[in-house]
Structures are given as structure tokens and as C-alpha cells.
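Coordinate inspection notes
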Amino acid sequence: MLGGTDNVETSIGHGWQKGPRNAPTVLDAVYHTAQFWGGRTKDLMEQAKGPIQASVEKNYTPERVMATLKSIPKYVEMSKKAFPKEKDPITFDNVAKAILAFEATLLIPNSRFDKFLKGDTKAFNKEEKEGLKLFIEKGCASCHSGITLGGHMYAPFGLT
Ligand code: HEC
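Keep in mind that what you see is a predicted model, and the values were worked out from it rather than measured.

**Considering the packing of aromatic side chains**
- This model, assessed by the stated rule, comprises 2 aromatic pairs.
- Judged by centre distance (4.5 Å) and plane angle (15°), the ring pair of F116 and F124 falls under stacked.
- In this structure an aromatic cluster arises from ring pairing among F113, F116 and F124.
- Above the ring of Y60, the side-chain terminus of R64 is found at 5.6 Å from the ring centroid.

**Points about the nonpolar core**
- In terms of nonpolar packing, the biggest core is built from 7 residues, these being I52, V65, M66, L69, I90, F92 and V95.
- Ranked by the residues each element gives to this core, the list is headed by helix 2 (residues 62–70), at 3 residues.

**Looking at the side chain of T10**
- Structurally, the position occupied by T10 is in the segment before helix 1 (44–53).
- You can call T10 buried: its relative accessible area is 15%.

**Here's the deal with a nonpolar patch on the surface**
- Taken together, Y31, L107, L117 and I147 make up a surface patch of nonpolar side chains, about 350 Å² in accessible area.
- With respect to the helices and strands, the residue L117 is situated in helix 5 (residues 112–117).
- Judged by relative accessible area, L117 falls into the partly exposed class, the value being 45%.

**Comments concerning unusual backbone geometry**
- Of note, the phi angle at N7 is positive, near 60°, even though the residue is not glycine.
- Within the secondary structure, N7 is located in the segment before helix 1.
- At W16, a residue that is not glycine, the phi angle is positive and equals roughly 65°.
- Note on placement: W16 falls in the segment before helix 1.

**Some words on the domain arrangement of the chain**
- Considered domain by domain, the chain is made up of domain 1 (23–103) and domain 2 (109–160).
- Counting from both sides, the interface comprises 8 residues of domain 1 and, opposite them, 7 residues of domain 2.
- Taking both sides of the interface into account, the surface hidden between domain 1 and domain 2 amounts to around 470 Å²; carbon and sulfur atoms contribute 56%.
- Contact with domain 2 buries area across many residues of domain 1, yet Y31, H32 and T33 alone supply 64% of it, more than any other trio.

**Considering the environment of P24**
- Within the fold, P24 resides in the segment before helix 1.
- Counting along the chain gives 14 residues from P24 to T10, while the straight-line C-alpha distance between them is 10.0 Å.

Criteria and cut-off values
- Residues numbered from 1 in each chain as written.
- Predicted model: local features only at pLDDT ≥ 70, side-chain atom pairs only at ≥ 80, totals over all residues.
- Heavy atoms only, no water.
- Phe/Tyr/Trp six-rings, centres within 6.5 Å; stacked < 30°, edge-to-face > 60°.
- Lys NZ or Arg CZ within 6 Å of the ring centre and 35° of its normal.
- Core = buried A, V, L, I, M, F, W, Y, C linked by side-chain atoms within 4.5 Å.
- Buried < 20%, exposed > 50% of the residue type's maximum accessible area, 1.4 Å probe, protein only.
- Helix = DSSP H or I, 4+ residues; strand = E, 2+ residues; numbered from the N terminus.
- Patch = residues over 30% accessible without salt bridge, like charges linked within 9 Å, V, L, I, M, F, W, Y side chains within 5 Å.
- Areas by Shrake-Rupley, 256 points an atom, 1.4 Å probe, with all protein chains shown as cover.
- Salt bridge = Lys/Arg side-chain N within 4 Å of Asp/Glu carboxyl O.
- Domains from an automatic or database assignment.
- Contact = heavy atoms within 4.5 Å.
- Buried area = accessible area lost by both parts, 1.4 Å probe.

Following this line, the structure appears as C-alpha cells:
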């Protein structure tokens, strides 16, 4: 309903602190080349570890995350099922892996744009096709392309 965002200017974290930046949508985030606005982590698994520990977000230590998860029998049981070959499956890496696996399900499924990209030319009406033509002619598609319409390169602001 909120497009995969929290719909506030900057997110609210531990002790009602406000984060410094607007949170990007989680939808289709798995397809991005890098995570965070500055791209400081390469994928969602690495990304997931950040907000848990950031003092303005969850303000947890990995040790405290493990202790909390281990104190909840259902999580212990589910972790064993999810990582059957591991003796002690509640690790910080596995927490991040589980979050990645969940986020990878948060996709914008089969939109008309996706259908059009797959070759269904009837997915767009005449007006939408004209819009797309304009979008391409004006050079927008040089940055906004693919199923996510962007998120796969860095671009300086103010130069478009
Ligand atoms: C040089 C690369 C580049 C070009 C060319 C470009 N954009 Fe962007 N655009 C960006 C970047 C970078 C952002 C910011 C990232 C973001 O908000 O997801 C952005 C953001 C946007 C957003 C906001 C997206 C959001 O999630 O809030 C819209 C809408 C948009 N551009 C439309 C256009 C249109 C229309 C054109 C063509 C007239 C265009 N852009 C051309 C790079 C570009």
C-alpha cells in the first residue's frame, strides 16, 4: 500500500531518533547493483546487517541479536529447519541471509511494464506507448531502464 516504504521523510528508529535519509523502497531491491543510497554494500545480505546495528535504527549488537533469537524456541526450531547442515544455525550471517531471502520475495510482480518488456505489445495502450516513446526520446531510458527502471548505476544529481 505504501510502495514498500515507511512513508515518512526519514525513518524513525531506536529511542524515536530520526535517520538522516529517506528510506528507499524494499520492492525489487534485490535487483539493485548495490544497496544504501551511497551503494556501500554489495547486496541485501550485507545491507541487512547495517540497520540492526546502527545506533539511530535498531541499535543492537550482533551478540544481542543472537541472544534474543536463541531465547525464542520457535526461532531456534525454524533456524534448524532453514539451515539443516549447521550445528549452530543462529549466526549473524544467517540472520542476514534470512532477511535477504524474505526481501527477495518483495517484488513488483508482472506489472504491465514487465509484460511489455517481455514482448506483450498489447500491455500498453496507445497513450502509454506514446509516453514510453517520449521517455526514450528524451534520454530518460539511458539511466532508467530494465525491470526496475533504474537502480543499477550511479548518477550525479542536477545534470539530467
Ligand atoms: C543521468 C541519469 C538519469 C537520467 C538521464 C534521468 N534520470 Fe531520473 N533519476 C536518476 C537518479 C539517479 C534518480 C534518483 C534515484 C531514485 O530516486 O531512485 C532519478 C529519479 C527519478 C525519479 C524519482 C524516482 C523515485 O523513485 O522517486 C523520476 C520520476 C525520474 N527520475 C524521472 C526521470 C525522467 C522522466 C527522465 C527523463 C526526462 C529522467 N528521470 C532522466 C537518474 C536519471
